[in-house]
Amino acid sequence: MSKLAKNGAAFAFGILLSLLVVEIAFRLFNPFELRVSGNRIVLHTNVEWTYSTPPESQLDAEIVHRKNNIGFRGEDYDASKDALRAFALGGSTTECSFLTDGKTWPDRLRAKLQPSFPRFWLNNAGFDGHSTFGNRILLNDHISEYRPHLLIFLVGINDMGVNNLNVSERQMLAFLSNRSEALNVAVSLYRSFKARKRGIWHNTEGLRESWLVNWDIDAETIAAQISYVEEGKNEFHTRLTGLVRASRYLGAEVVLVTQPALYGPGTDDRTGLDLGRIGVGGVDGNTAWMLLETYNDVTRAVAQTQGVHLIDLARLLPKSSHYFYDTLHFTNEGAGRVAEILYESLCPFMTERFPDETFATCELDDPLVESGVSR
């Protein structure tokens, strides 16, 4: 064997040995509390995290985030109680990771609905980064066993650009990730990097002038973003339709909610900044909003064709940094306003669908929301 071949073999052996050591190390101690392993969702039960935020943040100085006895946010599940069971599913704007327990919009929605529906039990099954791919897995593998009566889906942002053309690649990664702790960590870090690059990560510093685009975005960049997002739109329609049908198969009523954002046409009433010039994933706010609205249009279309109750939060929630601490995620005030908007539309819907569960009439303040008319 030549010297070059021997060196190559030694190098390959060294790489394999290093990978084996890393794999063993992660199996003995994994510092990352990963909630996705390949194509499986891992629920952490009866755990509590505490976060601190910087003084300039609009958020609470200390945030308590607890997962209950079945791995979600909210009141513990008690099989002995004959409750009206509901789950809110979506990504980070549903989970509200940086809002303390009791202040997320699912928590506040449950509190507002319980006077009219005393047996109402709502858990927050949102997961950072989840698209309808993850929602379907969560529904099939975990939520279905609790026989839900109502499922609320806030979807759109994490599905943008996600398509089924790379199914084989996804299946291979899932197969390997299920068997390798090191690869699973690498895949999770890569997903986090992609989310940050697209501008959908948590930014607790608050809206500020440095977020504005101060350069001309060329037509080629905009066209590339449009192409990237458009190619996944039809698959999103298919997945969302499948999610609605799977939910109905479980006997659940379905509510679809469109995705709001703090960018697009308009001026922020708190800072005076032009929201059309906010930089989002390499484009300006106006372009980013146009792209997000193409996915919200899919949600609206699926709701119409499937006869599903729609709450058009994207149009009903004002674009204000009083309500958002970054371009997507809600402040305490924002979560409260979201809960109010959802309540105004959801309470009459539930009264119609669950008349035997209704104890008191809905206290409606906004006839525009109650009737489903957007502002």
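Since we're looking at a predicted model, the values are computed, not measured. (Residues numbered from 1 in each chain as written. Predicted model: local features only at pLDDT ≥ 70, side-chain atom pairs only at ≥ 80, totals over all residues. Heavy atoms only, no water.)

J.: What is the right way to read empty space enclosed by the protein from this model?
T.: If a probe as big as a water molecule is rolled over the atoms, it shows which places are left empty. This model, assessed by the stated rule, comprises two cavities of 30 Å³ or more. For the largest cavity, the calculated volume is near 60 Å³. Every residue lining the largest cavity is counted, 13 residues in all, and those nearest its centre are Gly-91, His-130, Leu-154, Ile-157 and Asn-158. For the lining of the largest cavity, a count of residues per class yields three nonpolar, nine polar and one charged. Taken as a whole, the second largest cavity encloses approximately 40 Å³ of empty space. Contributing to the lining of the second largest cavity are Ser-92, Thr-93, Cys-96, Ser-97, Phe-98, Leu-99, His-202, Tyr-325, His-329 and Phe-330. Residue classes in the lining of the second largest cavity are distributed as five nonpolar, five polar and no charged. (1 Å grid on protein atoms, 1.4 Å probe; cavity = no way out; pocket = protein on both sides within 12 Å on 5 of 7 lines; lining within 4 Å. Points joined across faces, edges and corners; volume = space filled by probe spheres on them. Nonpolar A, V, L, I, M, F, W, Y, C, P; charged D, E, K, R; others polar.)

J.: Help me understand unusual backbone geometry in this model?
T.: Leaving glycine aside, a negative phi is the common case for residues, and trans is the common case for peptide bonds. Phi is positive for Asn-46, close to 50°, though the residue is something other than glycine. Mapped onto the elements, Asn-46 comes out in the loop between strand 2 (40-41) and strand 3 (47-52). A positive phi angle is found at Arg-147, which is not glycine, with a value near 45°. Within the element layout of this structure, Arg-147 appears in the loop between helix 4 (132-141) and strand 7 (150-154). (Helix = DSSP H or I, 4+ residues; strand = E, 2+ residues; numbered from the N terminus.)

J.: When you look at the nonpolar core in this model, what are you seeing that I'm missing?
T.: A general feature of soluble globular proteins is that nonpolar side chains tend to end up buried together. Phe-87, Trp-105, Leu-109, Tyr-263, Leu-346 and Met-350 are the most contacted members of the largest nonpolar core, which has 91 residues in total. When neighbours within four sequence positions are excluded, Leu-346 is seen to be in contact with Leu-109, Leu-113, Leu-150, Ile-152, Val-255 and Ile-311. (Core = buried A, V, L, I, M, F, W, Y, C linked by side-chain atoms within 4.5 Å. Buried < 20%, exposed > 50% of the residue type's maximum accessible area, 1.4 Å probe, protein only. Contact = heavy atoms within 4.5 Å.)

J.: Please clarify how the state of the cysteines should be interpreted in this entry.
T.: Think of a disulfide as a covalent bridge from one cysteine sulfur atom to another cysteine sulfur atom. Taken as a whole and judged by the stated rule, the model has one disulfide. Paired by a disulfide, Cys-347 and Cys-362 hold their sulfur atoms 2.1 Å apart. An S-S torsion of about -90° defines the bridge between Cys-347 and Cys-362 as left-handed. Highlighted residues: Cys-347 in helix 11 (residues 332-353) and Cys-362 in the loop between helix 11 and helix 12 (367-370), separated in sequence by 15 residues. The residues Cys-347 and Cys-362 share a single accessibility class, namely buried. (Disulfide = S-S within 2.5 Å.)

J.: When you look at the side chain of Asn-203 in this model, what are you seeing that I'm missing?
T.: Looking at where Asn-203 falls in the secondary structure, it is placed in the loop between helix 6 (181-197) and helix 7 (219-230). What Asn-203 contacts, discounting residues up to four positions off in sequence, is Trp-211, Tyr-325 and Asp-326.

J.: Whenever I open this one, the pattern of salt bridges confuses me. Can you help?
T.: Any two side chains of opposite charge can pair if their charged atoms end up close together. Under the defined criterion, the tally for this structure stands at 15 salt bridges. The closest approach of N and O atoms between Glu-357 and Arg-119, which form a salt bridge, is 2.2 Å. Note that Glu-357 is positioned in the loop between helix 11 and helix 12 and Arg-119 in the loop between helix 3 (105-113) and strand 6 (120-124), a separation of 238 residues in sequence. Among the residues examined, Arg-119 registers a relative accessible area of 32% and is labelled partly exposed. Between Asp-312 and Arg-300 there is a salt bridge, with its nearest N and O atoms 2.9 Å apart. With Asp-312 in the loop between strand 11 (309-311) and helix 10 (313-316) and Arg-300 in helix 9 (residues 285-306), this pair connects stretches of sequence that are twelve residues apart. Judged by its relative accessible area of 8%, Asp-312 is buried. On the basis of relative accessibility, which here comes to 11%, the residue Arg-300 falls in the buried class. Connected through shared salt-bridge partners, Glu-293, Asp-297, Arg-300, Asp-312 and Arg-315 make up one network. (Salt bridge = Lys/Arg side-chain N within 4 Å of Asp/Glu carboxyl O.)

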